[in-house]
Amino acid sequence: MTGIGQDVRQYGGKTSRVVVLHGGPGGAGEIEPLARELGKRGHSVLEPFKTRHSADGQVDELTAQIEAHCSPPVTLIGWSWGAWLGCLFSARYRTLVHNLILLGSGPFEARFASAIRTTKNSRLTNKQRSELNMLGASEGNIKDVARFIELSDLADTYARDSSSPPTVVFDGEIHAAVWREADEMRTNGSLLEAIATIQCPVLAIHGDYDPRPSEGVQIPLLTALPWAKFVELERCGHKPWQEIHAKEEFYRLIDNAII
């Protein structure tokens with residue numbers, strides 16, 4: 001269970017065919033606006049919350065949630081950390097996944113990762129950077145989650161719409177434990193080794209303004225899976241569903257990809 005009070009939310013029907021994975025790790029609720037909008041657009045959507053303290057544990061947890069609430073195979077949509085989790089799940093449980101959509105993924109190779117902090121810092125004032133650093137400790141203990149996300153969005157977003165931010169329940173212990181493991185998987189190459197075994201269709205969508213460099217997703221992904229599709233959205237940051245200029249094209253891509 002998470003602080004949200006349940007382990008899943010569903011939209012558009014009780015038996016889901018689309019699964020939307022939040023980021024963080026440990027950021028339960030942040031993907032809610034996308035899940036809710038897809039439900040309004042006629043899709044039956046599951047928003048599972050990830051509570052385990054390891055990558056394998058989160059894969060196993062997701063398996064149980066899909067088997068309990070979905071009619072597999074599903075369309076799996078993973079955002080940020082959720083994109084990596086979606087890759088790990090799709091590599092292991094091929095019969096449960098019809099297709100995989102990656103949104104705002106972190107770079108799949110460590111050599112691309114250093115640019116993220118540089119880009120984010122360049123978009124914030126000295127005061128904003130200081131406040132962001134004060135709110136977020138190195139081990140993921142965020143003092144004010146809403147303000148932390150607000151400041152992060154300033155660096156991550158090209159032009160935000162006027163929608164209300166979701167309620168996010170952030171778990172620093174989950175974040176610290178899972179991110180250490182995930183970062184090591186990227187560094188030692190085991191993340192890409194898993195991705196190379198995926199057999200379902202894969203679509204990666206990335207904003208050209210996202211501080212996470214698009215080439216860090218596109219180059220490793222298409223090397224591992226030459227048949228995967230990569231789309232870069234113009235004037236778009238880390239959360240395409242809230243970008244004024246990009247969200248219409250974003251939802252068109254998503255609607256077309258969901259079967």
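This text goes with the structure placed above it.
The notes below deal with the structure included here. Not measured: the values here are computed from a predicted model.

So, how was this worked out
- Each chain has its residues counted from 1, following the order in which its sequence is written.
- Note on the predicted model: pLDDT of at least 70 is required for a residue's local features to be given, and 80 or more for side-chain atom pairs to be given and counted; whole-chain, interface and lining totals, by contrast, use all residues.
- The side-chain numbers reported here are obtained from all heavy atoms of the structure, hydrogens and water having been left aside.
- Salt-bridge detection follows one rule: a side-chain nitrogen of Lys or Arg within 4 Å of a carboxyl oxygen of Asp or Glu.
- By definition, any uninterrupted DSSP run of H or I lasting at least four residues is a helix, any uninterrupted run of E lasting at least two residues is a strand, and each is numbered from the N terminus.
- Each residue gets one of three labels from its accessible area relative to the maximum for its type: buried under 20%, exposed over 50%, partly exposed in between, using a 1.4 Å probe on protein chains only.
- Pairs of residues are marked as contacts when any of their non-hydrogen atoms sit within 4.5 Å.
- By the criterion applied in these results, polar contacts are pairs of N or O atoms within 3.5 Å in which, for protein atoms, one can donate a hydrogen and the other can accept it, and in which residues neighboring in sequence qualify only through two side-chain atoms.
- Think of a patch as exposed residues, more than 30% relative accessible area, with no salt bridge, where like charges cluster within 9 Å and nonpolar side chains (Val, Leu, Ile, Met, Phe, Trp, Tyr) cluster within 5 Å.
- Here, Shrake-Rupley sampling with a 1.4 Å probe gives the accessible areas, and only protein chains in the shown set may cover a residue.
- Asp and Glu count as negative and Lys and Arg as positive, but His and the ends of the chain are not part of the count.
- In this description, the location of a charge corresponds to atom NZ of lysine, CZ of arginine, CG of aspartate or CD of glutamate.
- Two strands qualify as a pair provided that DSSP identifies no fewer than 2 bridges between them.
- By the criterion used throughout, a crossover qualifies as right-handed when its path from the first strand across the helix to the second strand runs clockwise, the strands pointing away from the viewer.
- Under this scheme, a helix contributes an axis fitted over its contacting stretch, all axes are lines through C-alpha atoms, and angles between N-to-C directions fall in the 0 to 180 degree range.
- Note on angle classes: values under 35 degrees are labelled roughly parallel, values over 145 roughly antiparallel, values of 65 to 115 roughly perpendicular, and the remainder oblique.
- Note that Gly is not counted as nonpolar here; it falls among the polar residues with everything else outside the nonpolar set of Ala, Val, Leu, Ile, Met, Phe, Trp, Tyr, Cys and Pro and the charged set of Asp, Glu, Lys and Arg.

1. Thoughts on the pattern of salt bridges
Going through the model one piece at a time under the given rule, you end up with 19 salt bridges. Where glutamate 32 meets arginine 36, a salt bridge forms, and the shortest distance between an N and an O atom there is 2.4 Å. Within this pair, glutamate 32 and its partner arginine 36 are both found in helix α1 (residues 32-40), separated by four residues, close to a single helical turn. Given the relative accessible area of 39%, arginine 36 is considered partly exposed. We note a salt bridge from arginine 160 to aspartate 161, for which the minimum N-O separation is 3.3 Å. Taking relative accessible area as the criterion, aspartate 161 reaches 14% and is therefore assigned buried.

2. Overview of the environment of histidine 206
In this fold, histidine 206 is placed in strand β8 (residues 202-207). Once residues lying within four places of it in the same chain are set aside, the contact partners of histidine 206 are Gly104, Ser105, Arg212, Pro213, Ser214, Val217, Phe230, Val231, Glu232 and Leu233. Reaching out from histidine 206, the side chain makes a polar contact with the backbone oxygen of arginine 212 at a distance of 2.6 Å.

3. So, a negative patch on the surface
On the surface, Asp208, Glu215, Glu232 and Glu234 cluster together to form a negatively charged patch. In this fold, glutamate 215 is placed in helix α9 (residues 215-224).

4. A short note on the pairing of strand β9 (residues 229-233)
For a regular strand, side-chain orientation follows a simple rule: the groups alternate between the two sheet faces. Of the pairings in the sheet, the one linking β8 to β9 comprises five bridges and is parallel in character. By the bridge assignment for β9, leucine 203 is matched with lysine 229. Between the parallel pair β8 and β9, the chain is carried across by α9, and the sense of this crossover is right-handed.

5. What to know about the packing of helix α2 (residues 55-69) against helix α7 (residues 172-188)
The geometry of a pair of packed helices is captured by two quantities: the angle between their axes and the separation between those axes. Orientation of α2 relative to α7, taken along the N-to-C sense of each, is 105°, at an axis distance of 9 Å. It follows that α2 is roughly perpendicular to α7 by the angle criterion. On α7, the residues touching Ala55, Asp56 and Gln58 of α2 are Ile174, Val178, Glu181 and Met185. Here the contact of α2 with α7 is built from residues that sort into four nonpolar, one polar and two charged.

6. What to know about unusual backbone geometry
Across the junction of glycine 24 and proline 25, the peptide omega takes the value -10°, indicating a cis bond. Residue position: proline 25 is located in the loop between β2 (16-21) and β3 (27-28). The omega torsion of the bond from proline 72 to proline 73 falls at 0°, within 30 degrees of zero and hence cis. Residue position: proline 73 is located in strand β5 (residues 70-79). The backbone of serine 80 shows a phi angle near 60°, a positive value even though the residue is not glycine.

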